[in-house]
Amino acid sequence: MPIATPKQYAAMLDAAQAGGYAYAGVNVASLVTLNGALKGFADRKSDGIVQLSTGSGEFASGLNVKDMVLGTIVLAEAAHRLAAKYDVLIALHTDHCQPRKVDSFLRPLIAETARRRAAGLANLFQSHMLDASELPLAENIKLSKELLRECAKNELVLEVEAGVVGGEEDGVDHSHQPREKLYTSPEDMLAVHEALSGLGRYMFAATFGNVHGHYKPGAVKLRPDILKRGQEAVMAKYGKDAEFDLVFHGGSGTPVEEIRETLGYGVVKMNIDTDTQYAFTRAVADHIFRNYGGVLKIDGEMKAAEKGVAERLGQACDDLLSSGKTLCGKL
Ligand SMILES: [Zn+2]
């Protein structure tokens, strides 16, 4: 199938919300990891979300070029062509974009989709994330509103974040944030709903102690009840339709019981990056150690790396209960 249309993407998110499951949002940075992601979803007959970051975009453009927008467009175009060969629905998304990168990353990508639409072509992406969690909530919300309006004009979904995801991503280290920032309060969740509802479709990365990266069991104290309480507060005041489409960041290394608990509280997307990176590196390292003599011939380890990514992502589809539920051919 070609990459999901805006209508198909909306149907995917609605189906996950109604059906108590979620999509893996898997970060890719190369053709090998992109192919691994497509294989992982297709092998499980699960729809899914492939996401690109400022870092992967810069990497994909090459060391001498270092243009995050160009590299992101190159990978997204490759995804459009490759996804057409699979019988599941794939949506394209961009991950964390901090306020200082809005004008150099997010807006140029929205403009690229607008340009394609004007030419009668499909959207380049289905959704983008704005991560303005480093700003005070009022400023975060102001920027979120501006961008949501720009996205809505182009049938793009915007993901916003309030609270802070712990750990480090794309060189932004949050490990010294005060602990309470790691948990989004019901008041903040109400404020986000009140500011954004009606402007366009959005997803919300509320934080509940989740951390980027992979930690030893017990090191991260997840509190999925935070999500439950926030949803209850919003629905008590604004009705059932006000339920958030929530995003779970830092899914790597999370025990399946905790993942499953969040599915009941409206999580429709769980990001996975570190674990699929490990699956990639582990497969390459394993091949190198086993075949040290012949390792200069690299075909084998790249195939192993693609498979490693696909297998780890397949497990995520099972954890998130999206396996076997593709809407491909049903919309
Ligand atoms: Zn994240």
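Above this note sits the structure.
Peer 1: Residues and numbers for the state of the cysteines, please.
Peer 2: Tallying each qualifying case throughout the model produces zero disulfides. Not part of a disulfide, Cys 151 finds its nearest cysteine sulfur in Cys 97, a span of 11 Å. With a relative accessible area of 0%, Cys 151 lands in the buried category. Free cysteine Cys 328: the closest other cysteine sulfur is in Cys 317, separated by 14 Å. Residue classification places Cys 328 among the buried residues on the basis of a relative accessible area of 17%.

Peer 1: Before we move on, can you summarise empty space enclosed by the protein with the specific residues and values?
Peer 2: For the coordinates displayed, the defined rule picks out two cavities of 30 Å³ or more. What the second largest cavity holds in volume is close to 40 Å³. Looking at the second largest cavity, the residues that line it are Leu 137, Asn 140, Ile 141, Ser 144, Val 160, Glu 161, Ala 162, Val 192 and Leu 196. Every element with two or more residues in the lining of the second largest cavity is listed here: helix 6 (137-153), strand 5 (157-162) and helix 7 (186-196). For the lining of the second largest cavity, a count of residues per class yields six nonpolar, two polar and one charged.

Peer 1: Go over helix 2 (residues 31-43), please, and point to the residues and values.
Peer 2: Along its 13 residues, helix 2 runs 18 Å from first to last C-alpha, staying within 8% of the 18 Å computed at 1.5 Å per residue. Every buried residue of helix 2 is listed here: Thr 33, Leu 34, Gly 36, Ala 37, Leu 38, Gly 40, Phe 41 and Ala 42. A side-chain oxygen of the first residue of helix 2 lies 3.4 Å from the backbone nitrogen of Val 32; this N-cap is Ser 30. At the C-terminal side of helix 2, Lys 45 shows a positive phi close to 50 degrees.

Peer 1: Describe the environment of Phe 59, naming the residues involved and giving the relevant values.
Peer 2: By secondary structure assignment, the location of Phe 59 is in helix 3 (residues 54-61). Here Phe 59 falls in the exposed class, since its relative accessible area comes to 56%. For Phe 59 and Ala 29, which are 30 residues apart along the polypeptide, the C-alpha to C-alpha distance reads 7.1 Å.

Peer 1: Quick one: what's the story with the packing of aromatic side chains, residue by residue and with numbers?
Peer 2: Counted by the stated rule, this structure contains four aromatic pairs. Judged by centre distance (6.4 Å) and plane angle (70 degrees), the ring pair of Tyr 202 and Phe 244 falls under edge-to-face. Remark: Phe 244 occurs in the loop between helix 8 (225-238) and strand 9 (246-248) and Tyr 202 occurs in strand 8 (residues 202-206); sequence separation between them is 42 residues. Relative to Phe 248, the ring of Phe 208 has its centre 4.9 Å away and its plane inclined at 75 degrees; by these criteria the two rings are edge-to-face. Taken together, the positions of Phe 208 in the loop between strand 8 and helix 8 and Phe 248 in strand 9 put the pair 40 residues apart, joining distant regions of the chain. In this structure an aromatic cluster arises from ring pairing among Tyr 202, Phe 204 and Phe 244.

Peer 1: Describe the packing of helix 4 (residues 68-83) against helix 5 (residues 102-118), naming the residues involved and giving the relevant values.
Peer 2: The contact between helix 4 and helix 5 brings their axes to 9 Å, and the two run at 45 degrees. Taken together, the axis directions place helix 4 and helix 5 in an arrangement best described as oblique. Considering only the axes of helix 4 and helix 5, their crossing is right-handed. Residues Met 68, Val 69, Thr 72, Ile 73 and Glu 77 of helix 4 form the contact with helix 5, whose participating residues are Ser 104, Phe 105, Pro 108, Leu 109, Glu 112 and Arg 116. Grouping the constituent residues of the contact of helix 4 with helix 5 by class yields six nonpolar, two polar and three charged.

Peer 1: Can you tell me about the side chain of Glu 161, naming the residues and giving the values?
Peer 2: As for its position among the elements, Glu 161 is in strand 5. One polar contact links Glu 161 to Ser 133, side chain to side chain, over a distance of 3.3 Å. Other than its neighbours up to four places away in sequence, Glu 161 contacts His 96, Met 129, Leu 130, Asp 131, Ser 133, Asn 140, Phe 204, Ala 205 and Thr 207.

Peer 1: Could you give me a rundown of the pattern of salt bridges, with the residues and numbers involved?
Peer 2: Following the criterion strictly, the structure yields 21 salt bridges and no others. Residue Arg 201 is joined to Asp 14 by a salt bridge in which the shortest nitrogen-to-oxygen separation is 2.8 Å. Here the residue Arg 201 occupies a position in the loop between helix 7 and strand 8, and Asp 14 occupies one in helix 1 (residues 6-19), the gap between them amounting to 187 residues. On the basis of relative accessible area, Arg 201 is assigned to the partly exposed category, the value being 26%.

Peer 1: Outline the layout of surface pockets, supporting the account with residue identities and numerical values.
Peer 2: Once rolled over the atoms, a probe with the size of a water molecule shows which space is left empty. A volume near 550 Å³ is recorded for the largest pocket. Along the walls of the largest pocket sit 31 residues, with Asn 27, Ala 29, Asp 273, Thr 274 and Gln 277 positioned nearest its centre. Looking at the lining of the largest pocket, the elements that each hand over two or more residues are strand 2 (48-52), helix 3, strand 6 (168-169), strand 10 (267-272) and helix 10 (274-290). Among the elements that take part in the lining of the largest pocket, helix 10 stands out by supplying five residues, more than any other.

Conventions we followed
- Residue numbers run consecutively from 1 along every chain, following the written order of its sequence.
- Two thresholds apply to this predicted model, a pLDDT of at least 70 for residue-level local features and 80 or more for giving and counting side-chain atom pairs, whereas whole-chain, interface and lining totals are computed over all residues.
- Only hydrogens and water are set aside when side-chain values are computed; all heavy atoms of the structure are taken into account.
- The disulfide criterion used throughout: a pair of cysteine sulfur atoms within 2.5 Å.
- Here the term buried applies to any residue with accessible area under 20% of the maximum for its type, exposed to any over 50%, and partly exposed to those in between, with areas from a 1.4 Å probe on protein chains only.
- Buriedness of a pocket was judged along seven lines, with at least five required to meet protein on both sides within 12 Å; pockets are open sets of points on a 1 Å grid over the protein atoms alone, cavities are sets where a 1.4 Å probe fits but cannot get out, and lining residues have an atom within 4 Å of a point.
- Grid points are joined across faces, edges and corners, and a volume is the space filled by probe spheres set on the points.
- Secondary structure elements are defined from DSSP: runs of H or I of at least 4 residues count as helices, runs of E of at least 2 residues count as strands, and each element is numbered from the N terminus.
- Charged residues are taken to be Asp, Glu, Lys and Arg, nonpolar residues to be Ala, Val, Leu, Ile, Met, Phe, Trp, Tyr, Cys and Pro, and polar residues to be all remaining types, Gly included.
- Each residue after the first adds 1.5 Å to the expected span of a helix.
- Under the rule applied, a polar contact is a pair of N or O atoms within 3.5 Å (in protein, one hydrogen donor and one hydrogen acceptor; residues adjacent in sequence only if both atoms are side-chain atoms).
- Ring pairs shown here join Phe, Tyr and Trp side chains whose ring centres sit within 6.5 Å, with only the six-membered ring taken for Trp; geometry is labelled stacked below 30 degrees between planes, edge-to-face above 60, and tilted in between.
- Structural elements are reduced to axes, namely lines fitted to C-alpha atoms, with helices fitted over the stretch in contact, and the angle between N-to-C directions of any two is expressed from 0 to 180 degrees.
- For classification purposes, an angle smaller than 35 degrees is called roughly parallel, one larger than 145 roughly antiparallel, one from 65 to 115 roughly perpendicular, and anything else oblique.
- Helix crossings fall into two classes, left-handed where the near helix is turned counterclockwise from the far one by less than a right angle and right-handed where it is turned clockwise.
- The contact criterion used throughout is that any non-hydrogen atoms of two residues lie within 4.5 Å.
- Take a side-chain nitrogen of Lys or Arg and a carboxyl oxygen of Asp or Glu: if they are within 4 Å of each other, that pair is a salt bridge.

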